[in-house]
Amino acid sequence: MTGRVVTLMPDRVIGAHTHGDRLQLGMVGEDLPVPDGLSPDEQAGLEAAQRNWSQMKGYKVLHMTAPNALSAGLADSPVLQLAWIAEKFVQWANPATPISRENVLITASLYWFTRTGPAAGDFYWELAHADDPGWGSPSGVPMASSLFSSDPLVRKVLGPHDDTTFFREHAEGGHFPAFEVPDLFVDDIRAFFRTLRT
């Protein structure tokens, strides 16, 4: 989503920080390009991640193809909203840094009481039907990237690009660094935006 904001409104953004994690390896060949020069071991690791992702991406397919089918339930049932959020936290968090029950309930409550569950899913449909379906195009806006639960293959796939002005990599954390490793996550954001001071 950050990449889309930067692409659509670069004159209103001073810098953008994004983060990635091991889960995104499964999206290579689908949403992300396959890097050149993979070793046989790296190729095997990538294929294993893709197989794993194929069992977890049902939410994305539903949002991209029939978002209204789910939206009615998310707006009508607090149990469905909680289950929808909790499942992702259980599946995607690093087992070494699980999301607390309190944070699961807070997050689900924020979506429920503001009725924003359906709107959050609309992003996938809009991206799938956009003229430029990429996650973002070069914009001249300073970009930062942090990787969590990283290793050499994650870095090779998601590491710095030509437009990356700030990059950090962490073995800790996972898909939800603000919950899993908040100190590392905040430190990266602060360090990046300090570089933008004039």
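Along each chain, the written sequence defines residue order, and numbers are assigned to residues from 1. Only residues with pLDDT of at least 70 are given local features in this predicted model, and only at 80 or more are side-chain atom pairs given and counted; all residues enter the totals for whole chains, interfaces and linings. To get the side-chain values, all heavy atoms of the structure are used, and hydrogens and water are removed first.

### Here we look at the confidence of the model for the protein
So the rule is basically this: Note: pLDDT gives the predictor's confidence per residue, expressed from 0 to 100. Each helix is a run of H or I in the DSSP string that is no shorter than four residues. Each strand is a run of E no shorter than two, and both are numbered from the N terminus.
Averaged over the protein, the pLDDT score is 90; the fraction of residues at 70 or greater is 96%. Mean pLDDT across the secondary structure elements of the protein bottoms out at helix α1 (residues 2–8), with 80, and peaks at helix α10 (residues 182–194), with 97.

### Quick notes on the layout of surface pockets
Condition: With a 1 Å grid spanning the protein atoms alone, the term cavity applies to any set of points in which a 1.4 Å probe fits but cannot get out, the term pocket to an open set with protein on both sides within 12 Å along at least five of seven lines, and the term lining residue to any residue with an atom within 4 Å of a point. Grid points are joined across faces, edges and corners, and a volume is the space filled by probe spheres set on the points. Only Asp, Glu, Lys and Arg are considered charged in this grouping, and only Ala, Val, Leu, Ile, Met, Phe, Trp, Tyr, Cys and Pro are considered nonpolar; every other residue, Gly among them, is considered polar.
Quantified by volume, the second largest pocket comes out at close to 250 Å³. Along the wall of the second largest pocket there are 16 residues; nearest its centre are Asp21, Arg22, Leu23, Asn52 and Trp92. Among the residues forming the lining of the second largest pocket, the class breakdown is seven nonpolar, seven polar and two charged.

### What about the sheet that holds strand β1 (residues 16–21)?
Test applied: Two strands qualify as a pair provided DSSP detects at least 2 bridges between them. Angles run from 0 to 180 degrees between N-to-C directions of axes, and those axes are lines fitted to C-alpha atoms, restricted for helices to the stretch in contact. Two residues form a contact once any of their heavy atoms are found within 4.5 Å.
The strand order across the open sheet built from three strands is β1-β2-β3, with neighbouring strands paired in parallel fashion. Of all the strands in the sheet, the pair left with one neighbour each is β1 and β3 (164–169). The sheet shows a mean angle of 20° between the axes of neighbouring strands, direction not considered. Across the sheet, α10 lies against β1, β2 (143–148) and β3, angled at about 145° from β1, the strand it touches most.

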